[in-house]
Amino acid sequence: MITAAQMRAARALLGIDQRQLAALAGVSLPTIQRMEASEGTVRGVVGTLTKVVSALNAAGVELIGEDQPSTGRGRGVRLREPA
């Protein structure tokens with residue numbers, strides 16, 4: 001659904017800290033900290049993950065899945081496979 005790296009990158013693009021993301025998503029700060037400290041795909045309660053993804057989407061971040069095209073417009077970044 002979302003990786004810890006995507007969460008950190010999304011916050012950086014928005015210029016917000018973990019506390020602000022927690023407030024936007026309606027979850028606790030320790031929840032955001034735990035999610036961002038995980039390895040790879042974030043695991044947790046589906047409802048909580050949905051709140052975070054929805055908050056990031058509402059703030060203007062498009063989360064792009066593996067091998068998925070971007071449907072949005074505007075600037076952004078994407079990791080590519082190492083050469």
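Treat the numbers as computed from the prediction; the structure is a model and nothing was measured.

What counts, and at which threshold
- Residues numbered from 1 in each chain as written.
- Predicted model: local features only at pLDDT ≥ 70, side-chain atom pairs only at ≥ 80, totals over all residues.
- Heavy atoms only, no water.
- Helix = DSSP H or I, 4+ residues; strand = E, 2+ residues; numbered from the N terminus.
- Contact = heavy atoms within 4.5 Å.
- Areas by Shrake-Rupley, 256 points an atom, 1.4 Å probe, with all protein chains shown as cover.
- Buried < 20%, exposed > 50% of the residue type's maximum accessible area, 1.4 Å probe, protein only.
- Arc of directions from axis to C-beta.
- Core = buried A, V, L, I, M, F, W, Y, C linked by side-chain atoms within 4.5 Å.
- Axes fitted to C-alpha atoms, helices over the stretch in contact; angles between N-to-C directions.
- Parallel < 35°, antiparallel > 145°, perpendicular 65-115°, else oblique.
- Left-handed = near helix turned anticlockwise from the far one by under 90°.
- Nonpolar A, V, L, I, M, F, W, Y, C, P; charged D, E, K, R; others polar.
- Salt bridge = Lys/Arg side-chain N within 4 Å of Asp/Glu carboxyl O.

Before we go on, may I ask you to explain the overall build of the chain in this structure?
Tallying secondary structure elements over the chain gives 4 helices and 0 strands in all. A separation threshold of at least 6 residues defines the contact pool for the chain, and within that pool the share at least 24 residues apart is 53%. Here the chain displays about 6000 Å² of accessible surface, and carbon together with sulfur accounts for 52% of that area.

It is not clear to me how helix 3 (residues 29–37) should be interpreted in this structure. Could you clarify?
Residues three or four positions apart in an α-helix share a direction because the helix packs 3.6 residues into each turn. Of all the positions in helix 3, only Leu-29, Thr-31, Ile-32, Met-35 and Glu-36 are classed as buried. Taken around the axis of helix 3, the buried residues stretch over an arc of 160°, which confines them to a single face. Facing away from the buried side of helix 3 by more than 90 degrees, the exposed set consists of Arg-34 and Ala-37. Its buried side turned inward, helix 3 meets helix 1 (4–14), helix 2 (18–25) and helix 4 (46–58).

Can you walk me through the nonpolar core in this structure?
Core analysis: the biggest nonpolar cluster contains 18 residues, and Met-7, Ile-32 and Val-52 have the highest contact counts within it. Of all the secondary structure elements, the ones that give two or more residues to this core are helix 1, helix 2, helix 3 and helix 4. At 5 residues, the largest contribution of residues to this core is made by helix 4. The residues touching Ile-32, leaving out its near neighbours within four places in the chain, are Met-7, Gln-18, Leu-21, Ala-22, Val-27 and Val-52.

Any chance you could explain the packing of helix 2 against helix 3 here in plain terms?
Each pair of packed helices can be summarised by the angle the axes make with each other and by the distance between the axes. Orientation of helix 2 relative to helix 3, taken along the N-to-C sense of each, is 115°, at an axis distance of 8 Å. The orientation of helix 2 relative to helix 3 falls into the category roughly perpendicular. Here helix 2 and helix 3 pass one another in a crossing that is right-handed. Taken together, the residues of helix 3 that come into contact with helix 2 (itself represented by Gln-18, Arg-19, Leu-21 and Ala-22) are Leu-29, Ile-32, Gln-33 and Glu-36. When its residues are assigned to classes, the contact of helix 2 with helix 3 shows 4 nonpolar, 2 polar and 2 charged.

Help me understand the packing of helix 3 against helix 4, please; the structure alone is not making it clear to me.
Where helix 3 contacts helix 4, the axes come no closer than 12 Å and their chain directions differ by 90°. In terms of axis orientation, helix 3 runs roughly perpendicular to helix 4. Taken together, the residues of helix 4 that come into contact with helix 3 (itself represented by Thr-31, Ile-32 and Met-35) are Thr-48, Leu-49 and Val-52.

Help me understand the pattern of salt bridges, please; the structure alone is not making it clear to me.
All told, the structure shown has 1 salt bridge when counted by the stated rule. Of the charged contacts, one joins Glu-36 and Arg-11 as a salt bridge, the two residues approaching to 2.6 Å between their closest N and O atoms. Note that Glu-36 is positioned in helix 3 and Arg-11 in helix 1, a separation of 25 residues in sequence. A residue is classified by how much of its surface remains accessible, and Glu-36, at 6% relative accessible area, is buried. Taking relative accessible area as the criterion, Arg-11 reaches 14% and is therefore assigned buried.

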